[in-house]
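# Understanding the architecture of this molecule
The chain contents come next:
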Amino acid sequence: MSEETALAYLQTADYRWTRRAFELLGARELTVTPYEGGGAPCFVVEGPCPRCDHHLVDRQVTTGLTGLSGPSRGEGGNRAPAIVLDVTCGCGGAHENAPAGAVGCGASFRIVMDAA
Ligand SMILES: [Zn+2]
Ligand SMILES: [Zn+2]
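These numbers come from a predicted model, not from an experiment. (Residues numbered from 1 in each chain as written. Chains lettered and ligands numbered in written order. Predicted model: local features only at pLDDT ≥ 70, side-chain atom pairs only at ≥ 80, totals over all residues. Heavy atoms only, no water.)

Around the zinc ion (ligand 2), the protein contributes the donor atoms Cys52 (SG), His54 (ND1), Cys91 (SG) and His95 (NE2), at 2.0 to 2.3 Å from the metal centre. Coordination at the zinc ion (ligand 2) is tetrahedral, judged from the 4 donor atoms that bind it and the angles of 103 to 119° they form at the metal. In terms of primary sequence, the donors binding the zinc ion (ligand 2) are separated according to C-x1-H-x36-C-x3-H. Between the zinc ion (ligand 2) and the zinc ion (ligand 1), the interatomic distance is 3.7 Å, and Cys52 donates to each metal, bridging them. (Donors = N, O, S within 2.8 Å, 3.2 Å for Na, K, Ca; no water. Tetrahedral: all angles 85-135°; square planar, octahedral: opposite > 155°, others 65-115°.)

Across its 12 residues, helix 1 (residues 15–26) extends 17 Å between first and last C-alpha, which sits within 8% of the 16 Å expected from 1.5 Å per residue. Considered for burial, the residues of helix 1 that qualify are Trp17, Thr18, Ala21 and Leu24. What you see down the axis of helix 1 is that its buried residues fit within an arc of 120°, all on one side. Facing away from the buried surface of helix 1 by more than 90 degrees, the exposed residues are Tyr15, Phe22 and Gly26. Where helix 1 is buried, its residues touch strand 2 (40–48) and strand 6 (108–114). At the N-terminal boundary of helix 1, the capping side chain belongs to Asp14, with an oxygen 2.9 Å from the backbone nitrogen of Arg16. Positive phi appears at Arg28, one or two residues downstream of helix 1, with a value of about 60°. (Helix = DSSP H or I, 4+ residues; strand = E, 2+ residues; numbered from the N terminus. Expected span 1.5 Å × (residues − 1). Buried < 20%, exposed > 50% of the residue type's maximum accessible area, 1.4 Å probe, protein only. Arc of directions from axis to C-beta. Contact = heavy atoms within 4.5 Å. Polar contact = N/O pair within 3.5 Å; in protein donor to acceptor, adjacent residues only side chain to side chain.)

If you want it as structure tokens, here you go:
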């Protein structure tokens, strides 16, 4: 929690943030909580940002529910649907060089979970 380690704002969707988010999920530091939002499945993503480590809370509707749309492409045909959440850091922490009005450190990452 040192101010010296504050990261500069950088718009990045590097795969390593997704990978780190996966690790954080596995460690239960990052949590995904479903809630009802007018019929559509919604989720709250909460925990440390994979890039800047600040606490972030992201409420969103699922951006993708694979396996439910379009014909199956084989592979046994019976793929489990997965929930895909694209999250952009909105930590509220201070980051140098952030554009006016921007929140977070600029990192985007993806969370993929089994829907079942
Ligand atoms: Zn961040
Ligand atoms: Zn941050």
